[in-house]
Amino acid sequence: MVAQGLSPSPPVPGSGVAAVKLSVRGVTVTFRGRRGQEVTALDRLSLDVAEREIVSIVGPSGCGKSTLLRLVAGLVRPTEGEIWLDGRRVTGPGADRGMVFQSYTLFPWLTVEGNVEFGPRIRGLPDAYCREVAQRYIQMVGLAGFERAYPKELSGGMMQRVAIARALANDPELLLMDEPFGALDAQTRAFMQELLLDLWQKTAKTILFVTHDIDEALFLGDRVYVMTARPGRIREELRLRLPRPRTWEVTTSEEFAAVKRRVLGIIREEAARAMGASAGGPR
Amino acid sequence: MSLVRSRLRPARSRPARSLGEYLRPQEPIPRPAYLGILLASTLALLGAWGVATYGGLVQPLFLPSPSAIVRAGAEMVRDGSLLQHASASVSVIVTGWALAVVVGVPVGILMGTFKAVEALVEPVVDFVRYLPVSALIPLLILYIGIGTAEKIAVIFIGTFFQLVLLVADVAAHVPREQLEVSYTLGASRAQVLGRVLLPATLPGVMDTLRITMGWAWTYLVVAELVSADRGLGYLILNSMRGLFTDRIFVGLVTIGVLGLGFDLGFKWLHRRLLPWSPKA
């Protein structure tokens, strides 16, 4: 499959490590506000994601986490800087980067099956293949028997499971998740986190996961990037030396507690800085 | 939300001790109480009508008795005139409304989807929609005469501009993430428009069709004001000239019943055609 939105050529920049999957290099995003003033959402931000890695991104509210994800998805153009996936430059959205949003984005007029096979179908793949792929991923997210149900008949957690299955059905190189469990209750959320790790074990995907839930970021991630308040930059990169496959027990480990303390400290500092800035300066 | 809540009541509800218990803001009241009040209201209205007419308190010229209206209606059904008037009106309304839909829905969707189209269309639409349709009748007569076409044009103008804005609003409120997720699933711009945006607007468009059909009926008398020789609006106007008050009421009741029928028909269609719609 030839990915859309990627232009061929230049070699993998930077680190030189062959395992680099995604490389965000010196990206700045500037929006023009309503009154014509310039707002810098991201400021010369760089990060790398390795093949098969789960990388979490946390930061204070409004730091540009979502903008970063939409940038990698190709939905937002960088004002400066470049994004590389598998050695090809990202210039627009494409089926090689599946995205799961926080809001419920299922197509209400399609059944669970119709939603999951949307990607393969829209790319003109044969019927039998589409059905088979849909069946496989519906089963994988534990929704066998719900193929013919419409989204309005599903709970929030089930809808997000369908959304994940829909993204995976395209067999993307990279899975982008923008607070996908943010609207779910605590128990469903915990269940979904374990489900996601299980899916990751089975599909070997590379995942970039944005959240404001620090526990979630640490439980899922191999590494965590902590962002500064706006304009968003990477303030710190932390590696989690926690065993895989993980179960909820890792959240009670010393390693987990130590990293969590560190991340909390930074975020409190950044949040306070953001409050101070917005209280003092004009908006 | 409120529908769900109104069905949830304490299983054992105490009998109300005072009228005040029925007047708590937004709180549900027991179903028998609801139906009782509904029935009492209907009966009181009919009773007052009966007393006023059969009791001779109001002259039949101003308010005919229920039986006089039924009699007049039966007579008009028998001689076929009611059906003739009703079908004339329905054909004018449906034609004018259908033209407005055929042109207005695409324009509305384009306007709600593309900012460029919005800028192109909005000045005209926003200006014309504040003009009362009745004020445009002289111009319409000048342009297209006094035949059926003029009546259809009144209905068209009455509904078209409102419809465009309602549909544009529906299209503009298709969740942006739904379009974005489609791009990340590999959809082209044309596919996003045809396979995501368009179906996403269907429930809202369906609602708009129902609402604008209701408005089309309210323009009926205006449409049939000038040189009509049949139609329910004409029936009402003409009955007034002959002081046939009972026939005026027959016309009004017919309009109400047909309007209700169309409304229920649209709701039924919505459930049938869009079973997935959250509103169905």
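Here is what the cut-offs are and how they apply
Residues numbered from 1 in each chain as written. Chains lettered and ligands numbered in written order. Predicted model: local features only at pLDDT ≥ 70, side-chain atom pairs only at ≥ 80, totals over all residues. Helix = DSSP H or I, 4+ residues; strand = E, 2+ residues; numbered from the N terminus. Buried ≥ 20, exposed ≤ 12 C-beta atoms within 10 Å, placed from the backbone. Contact = placed C-beta atoms within 7 Å. Nonpolar A, V, L, I, M, F, W, Y, C, P; charged D, E, K, R; others polar. Expected span 1.5 Å × (residues − 1). Bend = angle between axes of the 7 residues up to and from the residue. Domains from an automatic or database assignment. Axes fitted to C-alpha atoms, helices over the stretch in contact; angles between N-to-C directions. Left-handed = near helix turned anticlockwise from the far one by under 90°. Core = buried A, V, L, I, M, F, W, Y, C linked by C-beta atoms within 7 Å. Pairing = 2+ DSSP bridges.

Chemist: When you look at the overall build of chain B in this model, what are you seeing that I'm missing?
Modeler: Helix and strand counts for chain B stand at twelve helices and zero strands. Counting helices and strands in the order they occur from the N terminus, chain B gives α-α-α-α-α-α-α-α-α-α-α-α. Across its three principal directions, the C-alpha atoms of chain B cover 75 × 65 × 30 Å. Here chain B holds 280 residues, and the buried ones make up 32% of them.

Chemist: Just checking my understanding: could you explain the interface of chain B and chain A for this structure?
Modeler: Many authors give the size of an interface as the accessible area that is lost as the parts come together. Counting residues at the interface gives 16 residues for chain B and 22 residues for chain A. Of all the secondary structure elements, the ones that give two or more residues to the side of chain B that touches chain A are α8 (176–184) and α9 (189–218) of chain B. Residue contributions to the side of chain B that touches chain A peak at six residues, all from α8 of chain B. Considering only residue class, the side of chain B that touches chain A consists of nine nonpolar, four polar and three charged.

Chemist: Sorry if this is basic, but what is going on with helix α4 (residues 81–113) of chain B here?
Modeler: Residue pairs spaced three or four apart in an α-helix point in one direction, given the helix's 3.6 residues per turn. Over its 33 residues, α4 of chain B extends 47 Å from the first C-alpha to the last, a length consistent with the 48 Å expected when each residue adds 1.5 Å. At Gly104 of chain B, α4 of chain B shows its largest kink, close to 30°, and the proline Pro106 of chain B lies no more than four residues downstream.

Chemist: How do you make sense of the domain arrangement of chain A when you look at a structure like this?
Modeler: All names here are of chain A. Taken domain by domain, chain A comprises domain 1 (6–96 + 172–280) and domain 2 (103–171). With 14 residues of domain 1 in contact, the opposing surface of domain 2 contributes twelve residues. The dominant element in the side of domain 1 that touches domain 2, judged by the number of residues it contributes, is helix α6 (residues 186–203), at seven residues. Its residues assigned to classes, the side of domain 1 that touches domain 2 comprises eleven nonpolar, two polar and one charged.

Chemist: Hey, could you run me through the packing of α4 of chain B against α9 of chain B in this one?
Modeler: The angle between the axes and the distance between the axes are what describe a pair of packed helices. Residues and elements named next belong to chain B. It is at 10 Å that the axes of α4 and α9 come closest, and there the two elements cross at 140°. With respect to the hand of their crossing, α4 and α9 are arranged in right-handed fashion. Across the interface between the two elements, Ile93, Gly96, Trp97, Ala100, Val101, Val105, Ile109 and Thr113 from α4 touch Leu197, Thr201, Val205, Leu209, Thr212, Met213, Ala216 and Trp217 from α9. Considered class by class, the residues forming the contact of α4 with α9 number twelve nonpolar, four polar and no charged.

Chemist: What should I look at first to understand α9 of chain B in this one?
Modeler: Over its 30 residues, α9 of chain B runs 40 Å from end to end, which matches the ideal 44 Å to within 8%, given 1.5 Å per residue. Largest kink in α9 of chain B: about 45°, centred on Leu202 of chain B, with the proline Pro203 of chain B one to four residues after it.

Chemist: Which parts of the structure should I look at to understand the environment of Thr105 of chain A?
Modeler: All names here are of chain A. Residue position: Thr105 is located in the loop between β7 (97–100) and α2 (112–116). For Thr105, a count of 24 C-beta atoms within 10 Å gives the class buried. Considering only alpha carbons, one finds Thr105 and Leu195, 90 residues apart in sequence, at a separation of 19 Å.

Chemist: Would you mind showing me how to read the nonpolar core here?
Modeler: Within soluble globular proteins, side chains that are nonpolar tend to cluster in buried spots. Counting residues in each nonpolar core, the largest one holds 83 residues, and the members touching the most others are Val72, Tyr137, Ala165, Leu176 and Leu208 of chain A. Broken down by element, the residue count for this core peaks at seven residues, all from helix α5 (residues 156–168) of chain A. For this core, the domains that each give at least three residues are domain 1 (6–96 + 172–280) and domain 2 (103–171) of chain A. In contact with Tyr137 of chain A, other than residues within four places in its own chain, are Val116, Ala165, Leu168 and Ala169 of chain A. In this structure, Trp97, Ala153, Val154 and Met206 of chain B belong to the second largest nonpolar core, which totals 54 residues.

Chemist: Help me out: how do you make sense of the pairing of strand β3 (residues 38–50) of chain A in this one?
Modeler: Each regular strand displays side chains that alternate between the two surfaces of the sheet. Residue and element names in this part refer to chain A. Relative to β3, strand β2 (residues 20–32) is paired through nine bridges, and the arrangement is antiparallel. Each bridged residue has a counterpart across the sheet, and for Leu22 the counterpart in β3 is Val49. With antiparallel pairing between neighbouring strands as the criterion, β2 and β3 make up a hairpin whose turn holds five residues, including Gly36 at a positive phi of roughly 85°.

Chemist: Before we go on, may I ask you to explain the environment of Leu232 of chain B in this structure?
Modeler: Residues and elements named next belong to chain B. In this structure, Leu232 sits in helix α11 (residues 232–241). Measuring from C-alpha to C-alpha, the distance between Leu232 and Val133 comes to 19 Å, with 99 residues separating the pair along the chain. Not counting chain neighbours up to four residues away, the residues in contact with Leu232 comprise His85, Ala86, Ser89, Leu220, Gly251, Thr254 and Ile255.

Chemist: I keep staring at unusual backbone geometry and nothing clicks. Help me out?
Modeler: Residue and element names in this part refer to chain A. The omega angle of the peptide bond from Arg230 to Pro231 is -5°, so this bond is cis rather than trans. A cis amide bond, omega -5°, links Arg244 with the succeeding residue Pro245. Inspection of the secondary structure puts Pro245 in the loop between β11 (234–239) and α8 (254–280). You will see that Asp171, though not glycine, has its phi angle at about 50°, which is positive. Summarising the element assignment, Asp171 is placed in the loop between α5 and β8 (174–178). Despite not being glycine, Glu179 shows a phi value in the positive range, around 45°. Residue classification places Glu179 among the partly exposed positions, given that 19 C-beta atoms sit within 10 Å.

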